[in-house]
Each structure stands twice: as structure tokens, then as C-alpha cells.
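A structural walkthrough
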Amino acid sequence: MYIMNDIESQDIDTESDFIITENIMKGYCFNKNKIVLITGACGGIGLSTAQIFKNNGWKVVGIDVKNNTNMLNIIDELFIIDDISNEEELIKFTQDYHSKYSRLDCIINNAASQICKPIHETDNNDWTTIMNTNVTPFFLLSKYFRDLLIKTKGSIVNISSVHAICTSENIAL
């Protein structure tokens with residue numbers, strides 16, 4: 001069992017409880033010079049997530065394989081990484097990050113790859129691509145930012161697809 005303090009574990013039974021809790025959490029979670037790291041920061045979900053954090057006073061650091069000019073006012077710093085599953089590239093990113101920032105409050109693992117073909121046409125290279133994009137970075141970022149997250153009592157949020165629980169035809173991975 002993990003014991004939480006009263007602020008983190010508000011009981012919500014009525015609409016007024018919800019309003020009180022929402023206002024407590026706004027003061028508790030936002031506007032405290034916190035930093036969020038978002039993978040896949042230049043795409044749909046990543047960019048929308050970055051906007052929400054930015055609107056709530058967080059510094060947003062992004063990782064992506066591409067540069068999106070629509071994000072210039074949202075993401076404070078963008079690191080372009082060609083292969084997010086490449087441990088050497090993530091180590092270099094980690095070193096660059098540590099040279100600029102002394103804290104990290106949240107990692108949003110959002111970057112993903114999807115291959116649309118039936119399972120019988122899926123080969124080992126497809127499997128490797130999916131695992132290296134959708135799973136390996138979660139592990140590596142957790143490993144290399146562990147100390148900063150412990151220091152800030154930070155969080156890790158893993159975004160997944162609806163296909164994780166209910167898939168569509170021709171989407172095996």
C-alpha cells in the first residue's frame with residue numbers, strides 16, 4: 001500500500017468536492033517552474049499535450065524525429081533524435097539535457113510507430129521497429145532520468161493506442 005497525503009488523495013463525492021479538488025490541484029501541480037519531457041512532441045497528441053502543460057506554466061522539452069514549425073510557441077526546447085530507440089542517441093540527449101536543466105518533473109512517453117498489415121505479413125523487422133520505437137524508449141528514458149525524477153517526486157506517463165486493447169483489421173502491431 002502507498003500512503004498519500006490529504007492533498008493528493010482528495011475524496012470527491014459531490015460537484016463542490018470536485019471544484020475544491022480541482023482548485024487545490026491547480027495550485028499544487030502547476031505554475032511551479034516544473035519541466036515536462038514529451039517524446040513525439042511535434043505530432044498530434046504530443047503537441048496537444050505540450051500545449052496543455054505550457055498553458056499551465058510548465059517548461060516543455062520535446063523529443064521528435066521531425067521539426068514542426070507549429071510548435072515554436074509551445075515547446076521551449078526541441079531535440080531532434082533520428083532513432084529514439086538508439087541508446088547512444090538517448091545518452092547524448094540525456095547529457096545535453098543535464099547540462100541545461102537540473103530538474104525533471106514528468107516524462108510523457110508518446111512517440112510511437114504503427115505498421116498496418118496483417119500478422120501473417122508482419123516480419124521480424126516490423127516487430128523490431130515497433131518494439132524499438134514503442135517500448136525501448138520508455139525503459140531507457142526511465143533509466144537515464146531516474147535520479148531527477150526521484151529528486152522531484154516526478155511522474156512517468158505512458159501513452160498507448162486504442163489498438164492496445166481493441167485493434168482494427170490489418171493492424172497486428
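See the structure shown above.
Every value quoted in this text rests on a predicted model; they were computed, and no experiment measured them. (Residues numbered from 1 in each chain as written. Predicted model: local features only at pLDDT ≥ 70, side-chain atom pairs only at ≥ 80, totals over all residues. Heavy atoms only, no water.)

For the rest of this paragraph, the subject is the overall build of the protein. Looking only at helices and strands, the protein has six helices and five strands in total. Ordered by position in the sequence, the α and β elements of the protein form the string α-β-α-β-β-α-β-α-α-α-β. Taking the contacts inside the protein whose residues are at least 6 apart along the sequence as the reference set, 59% of them involve residues at least 24 apart. (Helix = DSSP H or I, 4+ residues; strand = E, 2+ residues; numbered from the N terminus. Contact = heavy atoms within 4.5 Å.)

Those residues of helix α4 (residues 124-134) not exposed but buried are D126, I130, T133 and N134. An end-on view of α4 places all buried positions within 80° of arc, on one side of the element. Facing away from the buried side of α4 by over 90 degrees, the exposed positions are N124 and N125. Looking at the buried side of α4, the elements it contacts are α5 (136-144). Sitting at the amino-terminal end of α4 is D123, which places a side-chain oxygen 3.0 Å from the backbone nitrogen of N125. (Buried < 20%, exposed > 50% of the residue type's maximum accessible area, 1.4 Å probe, protein only. Arc of directions from axis to C-beta. Polar contact = N/O pair within 3.5 Å; in protein donor to acceptor, adjacent residues only side chain to side chain.)

Judged by nonpolar contacts, the single largest core of 19 residues is most densely connected at L37, F93, Y97, L104, L141 and F145. Broken down by secondary-structure element, the contributors of at least two residues to this core are β1 (35-39), β2 (59-64), α3 (87-100), α5 and α6 (146-152). Among the nonpolar cores identified, the runner-up in size contains twelve residues, and A41, L47, W58 and C106 belong to it. (Core = buried A, V, L, I, M, F, W, Y, C linked by side-chain atoms within 4.5 Å.)

Between its first and last C-alpha, helix α2 (residues 44-55) extends 17 Å over twelve residues, near the 16 Å set by a 1.5 Å rise per residue. Along α2, the residues classified as buried are G46, L47, T49, A50 and F53. Buried positions in α2, seen along its axis, are confined to an arc of 160° and lie on one side of it. For α2, exposure combined with an orientation more than 90 degrees from the buried face picks out G44, I45, I52 and N55. On the buried face of α2, the contacting elements are β1, β2 and β4 (106-109). Just downstream of α2 lies G57, where phi reads positive at about 85°. (Expected span 1.5 Å × (residues − 1).)

This part is about the packing of α3 against α5. Contact pair α3 / α5: the axes reach a minimum separation of 11 Å and the direction vectors enclose 35°. As for how α3 packs across α5, the hand of that crossing is right-handed. Where α3 approaches α5, its residues E87, L90, I91, F93, T94 and H98 are matched on the opposing element by P137, L140, L141, K143 and Y144. The residue makeup of the contact of α3 with α5, split by class, is seven nonpolar, two polar and two charged. (Axes fitted to C-alpha atoms, helices over the stretch in contact; angles between N-to-C directions. Left-handed = near helix turned anticlockwise from the far one by under 90°. Nonpolar A, V, L, I, M, F, W, Y, C, P; charged D, E, K, R; others polar.)

Here we take up the pattern of salt bridges. Under the counting rule described, the total for this entry stands at seven salt bridges. The partner of E77 in a salt bridge is K100, and the shortest N-O contact between them spans 2.6 Å. Remark: K100 occurs in helix α3 and E77 occurs in strand β3 (residues 77-80); sequence separation between them is 23 residues. Put simply, D96 and K92 hold a salt bridge, and the shortest N to O gap is 2.9 Å. Within this pair, D96 and its partner K92 are both found in helix α3, separated by four residues, close to a single helical turn. When its relative accessible area of 23% is taken as the criterion, D96 is described as partly exposed. (Salt bridge = Lys/Arg side-chain N within 4 Å of Asp/Glu carboxyl O.)

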